[in-house]
Amino acid sequence: QQRAQSLIQLADAKRGRDDEDEEDSKLSSSRSSKLARLESLEKERKDTEIELARLKDNDPQALADLEKELRLMTNAANRWTDNIFACKKYLTKKRGMDKKEANRILGVTANFDYPEDTIPK
């Protein structure tokens, strides 16, 4: 009698286990499909970020900012060049210094001149 009861419990347990295995296989296939989708979306995101980084070089706002910065730096270089020429003029005219000596003190070489204006209009 105890053996019969144990066999009934064993049959019930196996039946419940079979139902769980079916549910697990459904969940497993659903999970694997979701993982595959996640992987494809991550790859797509990575590709999109690479594309964005490539296109960022051609961003009109970034180019406008670079041109503005270039104008600012060119104006600053011209201002410093003006100042050096003004110092050279002061040393030669007011202090009576030789041009070569003034150039040596100021660090002016033969190719010292205003920067070229290469800013696109």
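Q: I'm lost on the packing of aromatic side chains in this one. Help?
A: Any two aromatic rings considered together are summarised by their centre-to-centre distance and by the angle between their planes. Taken as a whole and assessed by the stated rule, the structure comprises two aromatic pairs. Between Phe-85 and Tyr-114, the ring centres sit 5.7 Å apart and the planes meet at 50°, which makes this aromatic pair tilted. Pair noted here: Phe-85 is in helix H2 (residues 60–93) and Tyr-114 is in the segment after helix H3 (99–106), with a separation of 29 residues, a long-range link. By relative accessible area, which is 38% here, Tyr-114 ends up partly exposed.

Q: What should I look at first to understand H2 in this one?
A: Each full turn of the α-helix corresponds to 3.6 residues, which orients residues three or four apart in the same direction. The terminal C-alpha atoms of H2 lie 49 Å apart, and with 34 residues this matches the ideal 50 Å at 1.5 Å per residue to within 8%. Where H2 is buried, its residues meet H3.

Q: Would you mind going over the pattern of salt bridges with me for this structure?
A: When the charged atoms of two side chains lie near each other, side chains of opposite charge can form a pair. Within this structure, the stated rule accounts for four salt bridges. Residue Glu-51 is joined to Arg-54 by a salt bridge in which the shortest nitrogen-to-oxygen separation is 2.8 Å. With Glu-51 and Arg-54 both in helix H1 (residues 2–56), this residue pair falls three residues apart, about one helical turn. Look at Glu-51 and you get partly exposed, because its relative accessible area is 37%.

Q: Explain the side chain of Thr-81 here, please?
A: Position of Thr-81 relative to the elements: it lies in helix H2. Aside from chain neighbours lying at most four places away, what touches Thr-81 is Phe-112, Asp-113, Tyr-114 and Pro-115.

Here is what the cut-offs are and how they apply
Residues numbered from 1 in each chain as written. Predicted model: local features only at pLDDT ≥ 70, side-chain atom pairs only at ≥ 80, totals over all residues. Heavy atoms only, no water. Phe/Tyr/Trp six-rings, centres within 6.5 Å; stacked < 30°, edge-to-face > 60°. Helix = DSSP H or I, 4+ residues; strand = E, 2+ residues; numbered from the N terminus. Buried < 20%, exposed > 50% of the residue type's maximum accessible area, 1.4 Å probe, protein only. Expected span 1.5 Å × (residues − 1). Contact = heavy atoms within 4.5 Å. Salt bridge = Lys/Arg side-chain N within 4 Å of Asp/Glu carboxyl O.

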